[in-house]
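Chain and residue survey
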Amino acid sequence: MRLRILKDLWIRHTFRILLLLTLSMVVFIGIGLFIKSLPLLKDQNLFTILSGSTWSPLKGQFGFLPFITGTVSVTLIALVIAAPLCLLSSIYLVEYASALLKKTVLPLINVLAAIPPVLYGVWGILFVVPLISNYIGPIFGSPNAGYSILSGGIVLAVMIFPIMISIMVEVLETIPPDLKAASLSLGATRWETIQKVILKKARPGIIAAIVLATSRAFGETIAVLMVCGNIPQIPKSLFDAGYPIPALIANNFGEMMSIPHYDAALMFAALLLLTIIFLFNLISRLILNKLEEKA
Amino acid sequence: MHTYTSLATKETQTVTQMQLPHIQIKDLNVHIEGKHILKNINLAIPNNSITSIIGPSGCGKTTLLKTLNRLMDDSKNVKINGSVLVNGEDIYAKDAEVTHIRKKMGLLSQRPFPLPMSIFENITYGPRIHGQRDKTVLKEIVETQLKNVGLWEEVKDRLHHSATTLSIGQQQRLCLARGLAVQPEIILGDESTSALDPISTQTIENLLIDLKSEYTIVLVTHILRQARRVSDYIIFVYNGEIIEFGKTEDILLNPQNEITKQYVKGFIS
Amino acid sequence: MSTIKSRLRREKIAKILMQLAGIGITGSLFLIIGIILFKGLPYLTWDMISQTPQGGFYIGKEGGILNAILGSFYLAGLSTILACLIGLPIAIYLNAYVDQTSTLARVSKLLFDILFGIPSIVYGAIAFSIMITLGIRASLLGGVITITLLTIPIVVRTLDELLKTIPLDLKNTTTSLGATRWQTAQILLKYIKPGLFTALLLAFGRAIGDVAGVLLTTGFSDNLPLYLDEPAATLPLAIFFQLSSPIPEVQGRAYASALILTFIILIIVICTHILASRQKKHRL
């Protein structure tokens, strides 16, 4: 009897330590990145780093603007493509599709979610890049190599389809059928009900889905790196190459470590990424948790 | 023009002369996910009266009500056979237009479901959808309907607040007003007072009694006393079949069928 | 009545748009898999999967990708096992020991969500800078540690969601019968056994596909991965490095790697799907 309780205590403490250790990883990663990027932050002020547009480590110039604009533009393109497509398909799946169609499509979306980033990159290089350089670019009268923020955005859009759809479907399914019935029984068509009632009711959840997908998009590294050109410039058009923050880290970390502050600058890039993603995750989770409590 | 008037008078004549039932159900069978939920339903629901559908829970009352405005179509895996005639027109006919049918019938559900918008927009939702854009007309509709349900004095100063700020009882009256705003002929109530306090329940019941001079009202209820208080006719449903249908006092005081007798006495619930 | 026609027409147009969107999304999946099949199948030979690259992975025309296949399985297998060893106790602790309404429970849920959201490149960068400080070079071990950290949140989250579906009554009944929490935990454990496989598979799938985390920490090698402290190749790395080669044969190795990785992922997805549906049946 005694032994049983002792064993219980022992296990309880081991498990708790494991939990706390893992959780402290968040703090540890944050602080670690901060300390590592301190040399740069001490040397130059935060504003110059963030707003500087010249990236020239050899001259000690670490302007992050090209990378910030690179990340933001690729993410925006992805959202502009993915959000409407995902919203439309989620509505169709929940409101119109037969049970059979739903049962077939949702697992396919799971497959899409399971495909590793590098395969998206391969697809990007083999399909999206040539498509843009040979067909879409010429239509707009701008010849290009295809390695551009548009390619990055398209590949990224496909990558965030699954997370967007799965959350949107979940959110739309929480709308009470009686609310739909209320609108339908007033003589509204299904589509009118969707537009005026369902989407209005589901808005916070849909926003959460988009925010969460955005945070996923910000951190995506390899697939985007493979197709978006990686030139540290501020992209002026869709067909210009860009250089997102994760690609900066992946391409340069571990090389040329002798350049002063280079290491710190890359760590700062990681810190920047972490902060943005932390905030976006926090926002979307808070919205979703609130919705869950209500439902 | 001439033919139009003559047709119209002819129609009213037949209605008044023969007292055509407002809703007529013929050989209705409903299967949900392979289960036989409603069996061979044949019914004629009289107009300008309140008809209550009673029966133990799970007997198919709500399904019966929802087949009347084709809301069952929306559930998946539902098979409906037979016909439901409203004013002699089969709403399950191939060329029947669902929104048009639903517009004719106001629905008052178990719990109030205000649409996620203001009180004003809740009432104007229906009329707007059916093409009414004139601001002054819409304002008039809101005022008349809110007065109809006795809500006008309570909410006239906060018409543009969200409808969810109202109490549950007020919300249910708002839902009734919202339904009336599309000028239906029939009001369907699905245990519409089950979420309400006794006073709000009484308000709704009195409203329905007032409204029956202009509308045909069909209510699903599991409260016998409520059926006694409000209804003119009672339909007793058991296990997907109609066991008895008749005047309220006949069913409650002098039921013919053994099952009805037991239900009315409270042995089955 | 003319308005009802136009209203219905609008609905029809919306429906067509929705169908097109759905076709576009599911179509992209088939496009991706189709292109990889098309490019990879011609290169998929026995030599490809039974030999290591000869003459340098970037320029050598001969050989296959055995190094990457084995490396992937070692890396993903080891990290999945480690992640489960750490993640399972955490999930059990959160569900059997911690009060669900407590601050600890809520904070842990949020922090795990955030850990789950941290991109693998950040894990990689952190792990790499620690390795530099400690003087460890890029190696299989470095990769395993990084990927373990990356997959712990996946394991915890999957198991936690599963444990949440266990009716509260079951948990309470066992404790009220005088069982210690650990005995309750054992019952929970029995209950989620099939789900454990799902978690393992999901973690394995994520681990085997990751590049950004291993890019800095694992290095690359043409040799078979025999020692933990030596650099190793993985399939995603083989794709990433060899795709940009100007030599068609080397590119072919990348395509073959992509095809094999796709097969592995598809098998994992199908297995999880079967497991999940079987479990659903079980519960009914």
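Residues numbered from 1 in each chain as written. Chains lettered and ligands numbered in written order. Predicted model: local features only at pLDDT ≥ 70, side-chain atom pairs only at ≥ 80, totals over all residues. Heavy atoms only, no water.

Some remarks on a positive patch on the surface
A contiguous patch of positive charge, built from A:Lys196, B:Arg128, B:Arg133, B:Lys135, B:Lys139 and C:Arg10, is present on the exposed surface. Its location among the elements puts C:Arg10 in helix H1 (residues 2-40). Exposure remark for C:Arg10: the relative accessible area of 48% places this residue in the partly exposed category. (Patch = residues over 30% accessible without salt bridge, like charges linked within 9 Å, V, L, I, M, F, W, Y side chains within 5 Å. Areas by Shrake-Rupley, 256 points an atom, 1.4 Å probe, with all protein chains shown as cover. Salt bridge = Lys/Arg side-chain N within 4 Å of Asp/Glu carboxyl O. Lys, Arg positive; Asp, Glu negative; His and termini not counted. Charge placed at Lys NZ, Arg CZ, Asp CG, Glu CD. Helix = DSSP H or I, 4+ residues; strand = E, 2+ residues; numbered from the N terminus. Buried < 20%, exposed > 50% of the residue type's maximum accessible area, 1.4 Å probe, protein only.)

Some remarks on the sheet that holds strand E4 (residues 78-86) of chain B
Backbone-to-backbone hydrogen bonds pair the strands of a sheet. The strands run either parallel or antiparallel. All names here are of chain B. Pairing is antiparallel across the open sheet formed by four strands, whose spatial order is E2-E1-E4-E5. For this open sheet the edge positions go to strand E2 (35-45) and strand E5 (89-90), each flanked by a neighbour on one side alone. Of the pairings in the sheet, the one linking strand E1 (residues 23-32) to E4 comprises eight bridges and is antiparallel in character. Within E4, the position partnered with Gln24 by the bridge is Leu85. Sitting on the sheet, helix H2 (residues 61-68) is in contact with E1, E2 and E4, with an inclination near 120° to E1. (Pairing = 2+ DSSP bridges. Contact = heavy atoms within 4.5 Å. Axes fitted to C-alpha atoms, helices over the stretch in contact; angles between N-to-C directions.)

Overview of the packing of aromatic side chains
A complete count under the given rule lists 21 aromatic pairs over all chains for this structure. Arranged with centres 4.8 Å apart and planes meeting at 85°, the rings of A:Trp55 and A:Phe67 form a pair that is edge-to-face. A residue pair is termed long-range when its members are at least 10 positions apart, and A:Trp55 in strand E1 (residues 55-56) and A:Phe67 in helix H3 (residues 65-96) qualify at twelve residues. Residue A:Trp55 is classed as buried on the basis of its relative accessible area, which comes to 14%. Seen in terms of ring centroids, C:Phe220 and C:Phe241 are 5.3 Å apart; in terms of plane orientation they differ by 80°. Their pairing is edge-to-face. With C:Phe220 in the loop between helix H10 (212-217) and helix H11 (235-243) and C:Phe241 in helix H11, this pair connects stretches of sequence that are 21 residues apart. In this structure C:Phe241 comes out as partly exposed when scored by relative accessible area, which is 23%. Among the aromatic residues, ring-to-ring pairing joins A:Trp55, A:Phe62, A:Phe64, A:Phe67, A:Tyr243, A:Tyr262 and A:Phe268 into one connected group. Above the ring of A:Tyr96, the side-chain terminus of A:Arg190 is found at 5.7 Å from the ring centroid. (Phe/Tyr/Trp six-rings, centres within 6.5 Å; stacked < 30°, edge-to-face > 60°. Lys NZ or Arg CZ within 6 Å of the ring centre and 35° of its normal.)

Let's talk about empty space enclosed by the protein
Residues and elements named next belong to chain B. The full count for this structure, using the stated rule, is four cavities of 30 Å³ or more. In this structure, the largest cavity spans a volume of roughly 80 Å³. If you list the elements that add at least two residues to the lining of the largest cavity, you get helix H8 (198-211) and strand E8 (216-220). Looking at the lining of the largest cavity, the element that brings in the most residues is H8, giving three residues. Residue composition of the lining of the largest cavity, grouped by class: four nonpolar, five polar and two charged. (1 Å grid on protein atoms, 1.4 Å probe; cavity = no way out; pocket = protein on both sides within 12 Å on 5 of 7 lines; lining within 4 Å. Points joined across faces, edges and corners; volume = space filled by probe spheres on them. Nonpolar A, V, L, I, M, F, W, Y, C, P; charged D, E, K, R; others polar.)

Structural notes on the pattern of salt bridges
All told, the structure shown has 14 salt bridges over all chains when counted by the stated rule. Note that A:Glu95 is salt-bridged to A:Lys180, the shortest N-O span being 3.1 Å. In this pair, A:Glu95 is assigned in helix H3 and A:Lys180 in helix H7 (residues 177-184), connecting sequence segments 85 residues apart. Relative accessible area serves as the criterion here: at 8%, A:Glu95 is assigned to the buried category. A relative accessible area of 17% means that A:Lys180 is categorised as buried. For the salt bridge of A:Arg285 with C:Asp113, the shortest nitrogen-to-oxygen distance reads 3.4 Å.

A few points about the interface of chain C and chain B
Contact residues are listed per partner, giving four residues for chain C and five residues for chain B. Interface area, chain C with chain B, both sides summed: about 370 Å², of which 57% is carbon and sulfur. Our count for the chain C to chain B interface comes out at one residue pair in polar contact (both at pLDDT 80 or more). Its residues assigned to classes, the side of chain C that touches chain B shows three nonpolar, no polar and one charged. (Buried area = accessible area lost by both parts, 1.4 Å probe. Polar contact = N/O pair within 3.5 Å; in protein donor to acceptor, adjacent residues only side chain to side chain.)

A closer look at the side chain of B:Ser192
Residue and element names in this part refer to chain B. As for its placement among the helices and strands, Ser192 is situated in the loop between strand E7 (186-190) and H8. Residue classification places Ser192 among the buried residues on the basis of a relative accessible area of 7%. A polar contact of 3.0 Å, which involves the side chain of Ser192, links it to the backbone oxygen of Leu108. Setting aside residues no more than four positions away along its own chain, Ser192 makes contact with Leu108, Ser109, Gln110 and Gln172.

Considering the confidence of the model for chain B
All names here are of chain B. Summary statistics for chain B give a mean pLDDT of 88 and a share of 91% for residues scoring 70 or more. In this model residues 1-18 is a low-confidence stretch, pLDDT under 50, and it forms two contacts with partners more than four residues away in sequence or in other chains. Interface confidence for the predicted complex, given as ipTM, is 0.91, next to a pTM of 0.89. (pLDDT = per-residue confidence, 0-100.)

Observations regarding the environment of C:Leu31
By the element assignment, C:Leu31 lies in helix H1. Residue C:Leu31 is classed as partly exposed on the basis of its relative accessible area, which comes to 32%. Beyond its immediate chain neighbours, meaning those up to four positions away, C:Leu31 contacts A:Trp123 and A:Phe127.

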